[in-house]
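Take a look at the letters that make up each chain.
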Amino acid sequence: MSLSALSDELVVVATLTYLVALILHTAEYSLSNRRRTVAASVLVGAGGPPVVEPEAETTARRDWGAVAGRWALWVTGLAVLAHLGTITARGLAAHRMPWGNMYEFVLSASFVGAAAWLFMAVTMPQVRRLGVVLTLVQVLLLGFAGMVLYTQVSPLVPALQSYWYVVHVTTIVISSGLFLAGFVPAAMFLIRDGFDRGRTRFPYTLGGRLPSAEAMERLTFRMHAFAFPIFTFAVSAGAIWAEAAWGRYWGWDPKETWAFISWIVYAGYLHARSTPSVNRRVVAWIAVIGWLTVMMNLIGVNFFFTGLHSYAGVE
Amino acid sequence: MSTLAAFVKAKARNGWRQLTSMRTALILLVLLALAAIPGSVLPQKSVSPENVTRYFREHPDLAPVLDKLGGFDVFRSPWFAAIYLLLFTSLIGCILPRTRDHARALLMRVPDAPKRLERLPAHHRGETTHGPQEIAAALRGWRRVIREHPDGTTTISAERGYLKETGNLVFHTALIGVLAGVAVGAFGGWHANRLLVQGPEQAFCTSVQQFDDYRPGAWVGAGDLPKYCFEMTGFRASYLDTGQPKSFSATVSVSGAAARTADFSVNHPLRLGDANLYLLGHGYAPVLRYTDKAGQSQTTVAPFLPIDNTTLTSEGVAIFPDANADPATGQTSPSEQVAFAGLYVPTAPDSGTVASSVFPAENNPRLVLTLYRGDLGLDLGIPSSVYQLNQNQIATGRLSAVGEAKALRPGESWTLGDGSKLEFVGTRPWITVAVRHDPGEPIVLVSVALLLAGLMLSLTGKRRRVWVRLIPSEGGRTVLVAGGLARSEYPGFAEEFTGLIDRMGLTERMGGEEREPVGALR
């Protein structure tokens, strides 16, 4: 089997493995939920003296939710390995860094996001449940990449033949992945915060099973504080490259314009975060909007506008 | 009068305070991001003027309104400028007092310990046999001040992480540097485009008349351009079997201050110091020789412009305004001018019509031309494109197509009805180049480097203070009370504080009393 075919196989494996992890995470939610309701109903139904001791209840029945959660993390680990395999094989097949078109770009950026997530989930077990969002995003992104963006392996067009290609695109991939890893806790913070304020409609009902709002808010900040300088560097490197390729370091090409917008929004996030008078809910919403601008730039701009950055390989 | 002055002063101060508040800065940031969106949605004059023209054609009612509002030139529009200038004013209003405060903090001694250290987020109480000098030694790397008080106690104040604020100020000041660099480039820079066909007679020099499109900054006069002449001596392109380009490069010989012959390509511009030459595009220029019925021949090199960039199917015209001159008098008749318009197809399909190319290289070239005869309209004094015929002349019938289109291979001739002859000699490559100079670039580059350095310091730095109070107790023992706080986001401060207390290595448990836990605010 050729390397490019191997890559194509592995992307299917990775997508399906993320899907399994997603199902396990969903099971984690529903099973731990059921156990709680069962325990509660026993207590209520017992009426007078407590017949069932809560201690015995938990030891007698295994916490299947937690088991599913642990499995979900292991399966996510496998998916990340397959994900790494697919981009590595792709890079080897093309004899270059595997982000020369949008298909490869989405695969690489989502890999960074997943790897950053895995690191977080292992070092901070209390956030593990956020995996349900991450695996969902991964399944959607990989499925979208495989079905809509797929492009045959080919060498780079002359405009991309520059060492700045490696510097610029690598850092853009890394910062996009980290922004994704920051968006997840920001969204979860909003859900948990809504739950804490007594909201009872759908997304907020999930809030009870999430880590504390404060922990997620802090995690959001740390991810963004890490990603923002990398993104700034990536845009600067892009400007230096643009000077060599197109003769000007900044020309308000649609990609550049949206990178500018993202940069401004994330700068706004960091400023709002450091201003005590700004409500943390507003701060989290800015992070969510920031992620939307990043997605707009990575995907929307390629479809809606034509510009100099038209290497996506989509018609 | 004085009350009015006071009123104005109060208003101005209030306004300034409003403008420089973080809230205003945040609103301006949001506005700036929103204002940039139309710049990506609408075509921009500075990016793609041809798309602006198309937008005008497609939306004849809306386009003039948008144009008035600056919608096709968002980043140079007054409202966009208003937002960023306000933002930068707000920024300066923020930087100046903070720089002053930071300079003061750097010059001043660390303030003395507050009365009740146990109220601080991290604190500790114990006993020690060591003196203030030894305690201070444990705080190496911190700015330290030892103060002895009249009541016999000694306090050690320590602070570190000043680089955080330094970085913060450098970052924000560097933003002003970026804006200054952009402004220097916009006023003092210039750029021009030119289509350059291979061959010595096609060379051009850096003068306003010889550029196709010249955009000088406000400070640039025509005499300020450096003197260079460029002649293209070679062009190479290679493609994959799929038609995807692999490489382009051109060779030019430069005469002028820095005479040389050099290759340049996409991503590798030719840098001459006071001007850079960038390779932007390329195409083919058919060479055509027309021999009129009197036997006079003329040759023209006509660049055809690609209508499809992936296969280089190109469109263009070749005009012969001096054809059919009277051999006796040399007079030309405007109604007997000759032109050819059509397509150049670098690789025609093996079968079927030659309507479009299947590959960008010249594997099976064809030139498909239609003859036009009549008045080309060149003497009307109206500037017109050299890449297409005057459509008005055709519409009014003064210029008309004659006969069927004809496909020619290189070297082939076409004998026309009146006995004249057109010969397709071959093609020459052409390139489009940008010649540019931007004196603001070094300013922007240095500013961006400072900006990044400042950003890293600002985001990774942690400002924190620690105080230790030594209180003499009975029996020659000394009670040690320590407290500390992080002045910025720093979840690991509690651990660092514990580490510091351990490093002091000096405390022992007070008799009977439990050692108070070292705890951060949880």
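Residues numbered from 1 in each chain as written. Chains lettered and ligands numbered in written order. Predicted model: local features only at pLDDT ≥ 70, side-chain atom pairs only at ≥ 80, totals over all residues.

### What to know about the sheet that holds strand β1 (residues 122-128) of chain B
Residue and element names in this part refer to chain B. Worth spelling out the cut-off: Two strands are counted as paired when DSSP detects at least two bridges linking them. Where helices and strands are cited, they refer to DSSP runs of H or I of at least four residues and of E of at least two residues respectively, numbered from the N terminus. Between N-to-C directions, angles span 0 to 180 degrees; the directions come from axes that are lines fitted to C-alpha atoms, helices contributing only their stretch in contact. By the convention adopted here, residues are in contact when the distance between their C-beta atoms, placed from the backbone, does not exceed 7 Å.
Taken in spatial order, the five strands of this open sheet run β1-β21-β20-β3-β2, and their pairing is antiparallel. The sheet is open, and its two borders are formed by β1 and β2 (143-148), each paired with just one other strand. Ignoring strand direction, the axes of neighbouring strands in this sheet form an average angle of 15 degrees. For strand β3 (residues 154-160) and strand β20 (residues 464-472), the ladder comprises seven bridges, and the chain directions are antiparallel. The residue bridging Arg 160 from the neighbouring strand is Arg 464, located in β20. Sheet strands in contact with helix α10 (residues 493-504) are β1, β20 and β21 (478-486), and its direction is about 10 degrees off that of β1.

### Some thoughts on unusual backbone geometry
Backbone geometry at Trp252(A) places phi at a positive 55 degrees, although glycine is not the residue there. Within the element layout of this structure, Trp252(A) appears in the loop between α8 (213-246) and α9 (254-273).

### Examining the domain arrangement of chain B
Condition: Domain start and stop positions are those given by an automatic or database domain assignment.
Partitioning chain B into domains gives domain 1 (2-105), domain 2 (110-160 + 462-504) and domain 3 (190-437). Placing a centre on the C-alpha atoms of domain 1 of chain B and another on those of domain 3 of chain B gives a separation of 44 Å.

### Section: the sheet that holds strand β9 (residues 260-265) of chain B
All names here are of chain B. Taken together, the four strands give an open sheet; going across it, the order is β5-β7-β8-β9, and neighbouring strands pair in antiparallel fashion. On the outer flanks of this sheet lie β5 (204-205) and β9, each paired with one strand and no other. Pairing analysis gives two bridges linking β5 to strand β7 (residues 228-239), with the strands arranged antiparallel. Bridge assignment links Phe 204 to a residue of β7, and that residue is Phe 230.

### Some words on helix α6 (residues 163-196) of chain A
Residue and element names in this part refer to chain A. Selection criterion: Helix span is expected to be 1.5 Å times the residue number reduced by one. Think of it as a crowd count around each C-beta: if 20 or more other C-beta atoms lie within 10 Å the residue is buried, if 12 or fewer it is exposed, and in between it is partly exposed, with C-beta placed from the backbone throughout.
If you check α6, its first and last C-alpha atoms are 50 Å apart, about what 34 residues at 1.5 Å a residue would give, namely 50 Å. Across the 34 residues that make up α6, a large majority, 26, are buried. Following α6 by one or two positions, Gly 198 has its phi on the positive side, about 90 degrees.

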